[in-house]
Amino acid sequence: MTIYECVQECAESLARTLTFAPRAAIILGTGLGGVVHNMKIARRIPFAQAPHFMGPTVAGHAGDLLFGHIEGIPVVVMQGRFHYYEGHSMAQVTLPVRVFKAMGAEMLIIVSASGGLDLSFRSGEIMLIEDHINFMGDSPLRGLTDSRLGDRFPDMSRPYDPQLMEFAQAAAREANVRLHSGVYAAVSGPNLETRAETRMLKLLGASAVGMSTVPEVITAAQVGLRALGFAVITNVNDPEAMAPLALEMVVANAQMAEVAVSAVVSGVFRRLNAP
C-alpha cells in the first residue's frame, strides 16, 4: 500500500469508532503520558488496534490513542510515539501526523523529553520550541512524490505557529509556570551525546536536544497543521561535568512536568475558544 492509502485506511477506521472529529492532536513523549489531567476522555484505542500503527518499544510510552475534549475542544492524544531510533522508517514515524490531519485536525502539539543544553535550565522545567535544527540525517519527505500528501518543498521559515506560541506564553504566566524558550536540536539516537557533541550543539545555538519532534513538525508543515512544541527538560548536559544518565531518570524527571504542561496546554485551548 502507498503511504496515502495507509493514512486513509487508518483515519477511516478510527473515525468509525467516534462521534466527533478531533480539532487538535497532541503527541506525548517519554514519561509524559500523564499530560491528560484536564482531558475528558471519551475513548481509548491501543496502538495495536489502529491500522498501520506499531506498538511502543520504549519505557514510558503507554501506546494508546485517547479521544476526548480539553477545554471543550475535541482532541486526539497519542500517549507515546514512534521513534526513528526504534528502527522505523520516517514514513512510519510520521504516519500519525498524516492520519490526524486526515481525521480533521487543524493543529499539532508535541511534548518531548529533552536534554537541556542551557545551563540555566533545571530538570522538570519546560522549554517552548521556537525553532529547530535537524541533525537526524534524514527527512520524512525524502522520496515522496505523491502530491496528495502535500507540497514536496514546504516552507520551514516558521515551523512553529507564532500565535500558538503567544498563547502558550500567556497560559504559562497565568498558571505561574516557568516557560523557557529556545532552539531544539534533533539527533537520531538512541545513544546520548558525547561531551564534544554537546559542545557542538551549544555552539550552533541549540538550547535542548532530543530524538524526536522534528520529523513530525516537518510533516505538519507539509500537510498544513499549525504546530506547537514543548521540550520537557529531563536533565541538563554540561560538557564539562557530564554524568551517566539512565532512562529511569529521564522518565521520572519528565513526569515532574506533567501538571505544568497540562496547565499550559489547557490555557492554549481556552484562548483558541476565546471570541
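Check the entry above for the structure.
None of the values given here were measured: they were computed from a predicted structure.

Parameters at a glance
- One numbering rule holds for all chains: residues counted from 1, following each sequence as written.
- Whole-chain, interface and lining totals are the exception, using all residues; otherwise, since this is a predicted model, local features are given only for residues with pLDDT of at least 70 and side-chain atom pairs are given and counted only at 80 or more.
- Just so you know, side-chain values use all the structure's heavy atoms and leave hydrogens and water out.
- Only DSSP runs of H or I reaching four residues or more are called helices, and only runs of E reaching two or more are called strands; each is numbered from the N terminus.
- Radius of gyration here uses only the C-alpha atoms, and the compact-globule reference equals 2.2 Å multiplied by the residue count raised to the power 0.38.
- Contacts are residue-level and defined by heavy atoms, with any inter-residue pair within 4.5 Å sufficient.
- We get accessible surface area from the Shrake-Rupley algorithm with a probe of 1.4 Å; when it comes to residues, only the shown protein chains can shield them.
- Asp and Glu are treated as the negative residues and Lys and Arg as the positive ones, with His and the ends of the chain left uncounted.
- By convention, charge coordinates are those of NZ in Lys, CZ in Arg, CG in Asp, or CD in Glu.
- Lining residues are those with an atom within 4 Å of a point, where the points come from a 1 Å grid over the protein atoms alone and group into cavities, where a 1.4 Å probe fits but cannot get out, or pockets, open sets with protein on both sides within 12 Å along at least five of seven lines.
- Grid points are joined across faces, edges and corners, and a volume is the space filled by probe spheres set on the points.
- Each residue is assigned to one of three groups, with Ala, Val, Leu, Ile, Met, Phe, Trp, Tyr, Cys and Pro labelled nonpolar, Asp, Glu, Lys and Arg labelled charged, and all others, Gly among them, labelled polar.
- Expected helix span is taken as 1.5 Å per residue step, with the number of steps being one fewer than the number of residues.
- Three labels apply to residues, based on accessible area from a 1.4 Å probe with only protein chains included: buried if under 20% of the type maximum, exposed if over 50%, partly exposed otherwise in between.
- Note that the arc is defined by the directions from the helix axis to the C-beta atoms.
- Helix axes use the C-alpha atoms of the stretch in contact, all axes being lines fitted to C-alpha atoms, and the angles between their N-to-C directions lie in the range 0 to 180 degrees.
- Any angle between 65 and 115 degrees counts as roughly perpendicular, while under 35 counts as roughly parallel, over 145 as roughly antiparallel, and the rest as oblique.
- Helix crossings are classified by the rotation of the near helix relative to the far one: an anticlockwise turn of less than a right angle makes the crossing left-handed, while a clockwise turn makes it right-handed.
- Working definition of a nonpolar core: buried Ala, Val, Leu, Ile, Met, Phe, Trp, Tyr and Cys residues. They are joined through side-chain atoms within 4.5 Å.
- Here, a salt bridge means any side-chain nitrogen of Lys or Arg that lies within 4 Å of a carboxyl oxygen of Asp or Glu.
- We define the bend at any residue as the angle between the axes fitted to the seven residues before and including it, ending there, and the seven starting there.

Any chance you could explain the overall build of the protein chain here in plain terms?
What the protein chain contains, in helices and strands, is seven helices and nine strands. Its C-alpha atoms give the protein chain a radius of gyration of 17 Å, within 12% of the compact-globule value 19 Å for 275 residues. For the protein chain, the C-alpha atoms occupy an extent of roughly 55 × 40 × 35 Å along the three principal directions. Within the protein chain, contacts between residues separated by at least 24 positions form 85% of all contacts whose residues are at least 6 apart in sequence. Only carbon and sulfur atoms are counted for the fraction: they give 50% of the accessible area of the protein chain, which is about 11,600 Å². If the 21 positive side-chain charges of the protein chain are averaged to one point and the 25 negative ones to another, these points end up 4 Å apart.

Whenever I open this one, the layout of surface pockets confuses me. Can you help?
Remark: the empty space left among the atoms is shown by a probe the size of a water molecule rolled over them. The computed volume of the largest pocket comes to approximately 630 Å³. As for the largest pocket, its lining consists of 29 residues, and the residues nearest its centre are Leu192, Met211, Asn235, Leu245 and Val250. At the level of secondary structure, the elements contributing two or more residues to the lining of the largest pocket comprise β5 (107-116), β8 (208-210), β9 (226-236) and α6 (247-255). Counted by class, the lining of the largest pocket contains 16 nonpolar, ten polar and three charged residues.

Which parts of the structure should I look at to understand the environment of Glu193?
You can see Glu193 is positioned in the loop between β7 (179-187) and α4 (195-203). Here the alpha-carbon distance between Glu193 and Val209, two residues 16 residues apart in the chain, equals 9.0 Å. Setting aside residues no more than four positions away along its own chain, Glu193 makes contact with Val187, Thr198, Leu201, Val209, Met211, Asn237 and Met242.

Where do I start with helix α1 (residues 3-15) in this structure?
Since the α-helix advances by 3.6 residues per turn, residues separated by three or four positions end up pointing in the same direction. Taking 1.5 Å of rise per residue, 13 residues should cover 18 Å, and α1 covers 18 Å from first to last C-alpha, within 8% of that figure. The set of residues buried in α1 consists of Cys6, Val7, Cys10, Ala11, Ser13 and Leu14. All buried residues of α1 lie within an arc of 165° about the axis, which places them on one face of the element. Tucked inside the fold, the buried residues of α1 contact β2 (39-46), β3 (64-70) and α2 (90-103).

Please explain the packing of helix α3 (residues 162-174) against helix α7 (residues 258-273) as it appears in this structure.
Axis angle and axis distance: for two packed helices, these are the angle between their axes and the distance between the axes, and together they describe the pair. One way to put it is that α3 packs onto α7 with a least axis distance of 8 Å and a crossing angle of 120°. In terms of orientation, α3 and α7 fall into the oblique class. Relative to α7, the crossing made by α3 is right-handed. Residues Leu164, Phe167, Ala168, Ala170, Ala171, Ala172 and Glu174 of α3 pack against Val264, Gly267, Val268, Arg270, Arg271 and Leu272 of α7.

Looking at this structure, how should I read the nonpolar core?
Within soluble globular proteins, side chains that are nonpolar tend to cluster in buried spots. Counting residues in each nonpolar core, the largest one holds 82 residues, and the members touching the most others are Phe53, Leu65, Val99, Phe230 and Phe269. Core analysis: the next-biggest nonpolar cluster, separate from the first, contains seven residues, Val187, Leu201, Ala206 and Val209 among them.

Is there a simple way to think about the pattern of salt bridges in this case?
A side chain with one charge may pair with a side chain of the opposite charge, provided their charged atoms come close. Going through the model one piece at a time under the given rule, you end up with ten salt bridges. The partner of Arg44 in a salt bridge is Asp64, and the shortest N-O contact between them spans 3.4 Å. Linking Arg44 in strand β2 with Asp64 in strand β3, this pair joins segments that are 20 residues apart in sequence. Of the charged contacts, one joins Arg178 and Glu125 as a salt bridge, the two residues approaching to 3.1 Å between their closest N and O atoms.

How do you make sense of the environment of Leu149 when you look at a structure like this?
Mapped onto the fold, Leu149 is located in the loop between β6 (126-135) and α3. Leu149 sits 145 residues away from Tyr4 along the chain, and the two C-alpha atoms are 6.6 Å apart. Excluding residues that lie within four positions of it along the chain, Leu149 makes contacts with Ile3, Tyr4, Arg98, Leu144, Gln222 and Val223.

What exactly am I supposed to notice about α2 here?
Across its 14 residues, α2 extends 20 Å between first and last C-alpha, which sits within 8% of the 20 Å expected from 1.5 Å per residue. Of all the bends in α2, the greatest, near 35°, is centred on Pro96. Extensive coverage of α2 is indicated by the burial of ten of its 14 residues. Among the residues making up α2, those that are buried are Met90, Val93, Thr94, Leu95, Pro96, Val97, Arg98, Val99, Phe100 and Met103. Buried residues along α2 sit in contact with α1, β1 (24-28), β3, β4 (73-79), β5 and α5 (214-223). Looking one or two places after α2, you find Gly104, whose phi comes out positive at around 120°.

How do you make sense of the packing of α1 against α2 when you look at a structure like this?
Between α1 and α2, whose axes approach to 9 Å, the crossing angle comes to 55°. When the axes of α1 and α2 are compared, the pair comes out oblique. As α1 runs across α2, the sense of the crossing is right-handed. Touching Ile3, Cys6, Val7, Gln8, Cys10, Ala11, Leu14 and Ala15 of α1 are Ala91, Leu95, Arg98, Val99, Ala102 and Met103, all from α2.

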